Amino acid sequence: MAKTSSSGSNMRHDPEDESIGTCLVEWFCRNQRPLPWRRHYDPYAVWISETMLQQTQMTKVVPYFERWMDRLPNVRAVAEASLDELLQLWEGLGYYSRVRHLKKAADIILARYGGQIPSDEKALRRLPGIGDYTAAAIASLAFGRDVPVLDGNAQRVTARLLDWEKPVEDSHTKKAFQQALRRWMPPGRAREFNQAVMELGSMVCAPRRPACDACPVFSWCRAYAAGTVPHRPVKTRRLAAEQVTVAVAVLHDNGNVFIQKRPPGGLMAGLWEFPGGKVEEGESPEEAVKRELCEELGVTVKLLGKIAEIRHAVTRFRIRLHAFRCVLDPSGQIPTLRSAVEALWVPPAFLDRFAFPSANRRLIRILQEHSGLDL
Ligand code: SF4
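Residues numbered from 1 in each chain as written. Predicted model: local features only at pLDDT ≥ 70, side-chain atom pairs only at ≥ 80, totals over all residues.

Caption draft 1: Broad picture of helix 11 (residues 190-203). For helix 11, spanning 14 residues, the distance from its first C-alpha to its last is 19 Å, which sits close to the expected 20 Å at 1.5 Å a residue. With 12 of 14 residues buried, helix 11 is to be regarded as a mostly interior element. Listed in full, the buried residues belonging to helix 11 are A190, R191, E192, F193, N194, Q195, A196, V197, M198, E199, L200 and G201. Looking at the buried positions of helix 11, the neighbouring elements they touch are helix 1 (19-31), helix 8 (132-142), helix 9 (152-161) and helix 10 (171-184). (Helix = DSSP H or I, 4+ residues; strand = E, 2+ residues; numbered from the N terminus. Expected span 1.5 Å × (residues − 1). Buried ≥ 20, exposed ≤ 12 C-beta atoms within 10 Å, placed from the backbone. Contact = placed C-beta atoms within 7 Å.)

Caption draft 2: Representation of the domain arrangement of the chain in the model. Domain annotation of the chain identifies domain 1 (19-231) and domain 2 (242-369). Each of domain 1 and domain 2 has a C-alpha centre, and these two points are 36 Å apart. Opposite the 9 residues of domain 1 that make contact, domain 2 presents 9 residues. Counting residues per element, the side of domain 1 that touches domain 2 draws most heavily on helix 5 (residues 83-90), at 4 residues. By residue class, the composition of the side of domain 1 that touches domain 2 is 3 nonpolar, 3 polar and 3 charged. (Domains from an automatic or database assignment. Nonpolar A, V, L, I, M, F, W, Y, C, P; charged D, E, K, R; others polar.)

Caption draft 3: Summary view of the site of the ligand. Of all residues adjacent to the ligand, which total 14 residues, the nearest are C205, C212, C215, F218 and C221. The set of elements that each furnish at least two residues to the shell around the ligand consists of helix 9 and helix 12 (222-226). Of all the elements, helix 9 adds the most residues to the shell around the ligand, at 3 residues. Classifying every residue of the shell around the ligand by side-chain character gives 13 nonpolar, no polar and 1 charged. (Near = placed C-beta within 6 Å.)

Caption draft 4: The arrangement of the environment of D107 in detail. Tracing the backbone shows D107 in helix 6 (residues 97-113). A tally of 15 C-beta atoms within 10 Å means that D107 is categorised as partly exposed. Sequence separation of D107 and V75 is 32 residues, and the distance between their C-alpha atoms is 8.2 Å.

Caption draft 5: Layout of the pairing of strand 6 (residues 317-328). Across 11 bridges, the pairing between strand 1 (residues 242-253) and strand 6 is parallel. If you follow V244 over to strand 6, its bridge partner there is I319. Inspection of the sheet shows strand 5 (residues 301-314) paired to strand 6 by 12 bridges, in the antiparallel sense. Bridge pairing in strand 6 places I310 opposite L321. (Pairing = 2+ DSSP bridges.)

Below you can see the structure in the form of structure tokens.
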């Protein structure tokens, strides 16, 4: 049975029909969620929000964004903050290279542009951490430039509207999608149009079970007409998840606990952590933690018991982290750093002052909840 469009007509439209853009903009103006970065579209706020939203859910980002803006209201504040402070504000959002890039970009914006974020896409793309997507988002949302934004949501919506049969990762697919979005975008309405497409992908055109019945543009949608919605977008096969087992030591001495800082570059660079590492094949977590502390710090330890086992996912890795309470054995040994760049013995109450990866932070919460830090 033919559906009735939002305008009351039974007529089907073709995605080539540019009125789809106006329909999307009108829908967005009526249905947009009141998000903090949508209050003023200040370029700095757009830059921070778009950086936080990369790989991260909207609902998770909101409190992080508000805390960041309270503490660091402008580019200068980011340039003048320490990396440790920025990492602490970011802790739990993951993909920590984004923070280091923000810091480097803030230094450049201050030095080269007097603290004003450039409006030009090319200039934006030259800044650390700003790729095609973020540059287009800042140029259109903050400065009203007519450039399309192609994030995962926009990609899915476009693939369905066009009933695109090729994998979305194909090189010419991106170009074709950008051309389509440019065609649909009403001139001068890039801010609303780009957000409309992304918002539609987030709220209506979901990856599974899209709400086509509530979709303002179903009458333009080729996949809807063809019954291929569940098969769009076509994706190339993903790499399988990899299981990793890790063992760490909560090393006590004189009422303090040992923490170390990860080197710059690489995974979770600059974050603090409990020492330890990957459990090798044929090794128990207890053996691994002893070996790792010997290799990493040149110390031998005695295990006083297991504290917790934490399951955690980072990108495609499924991590199982075993944590042990340990002491130096014999006591009095001085740890020598072989991979970490800095180390501290700190009172347990001070652990909240440092930025840790999520699994380590969960371990600290477990220790705190069970008074496990009363040494
Ligand atoms: S009709 Fe369905 S598949 Fe097509 S854009 Fe709307 S929600 Fe997505």
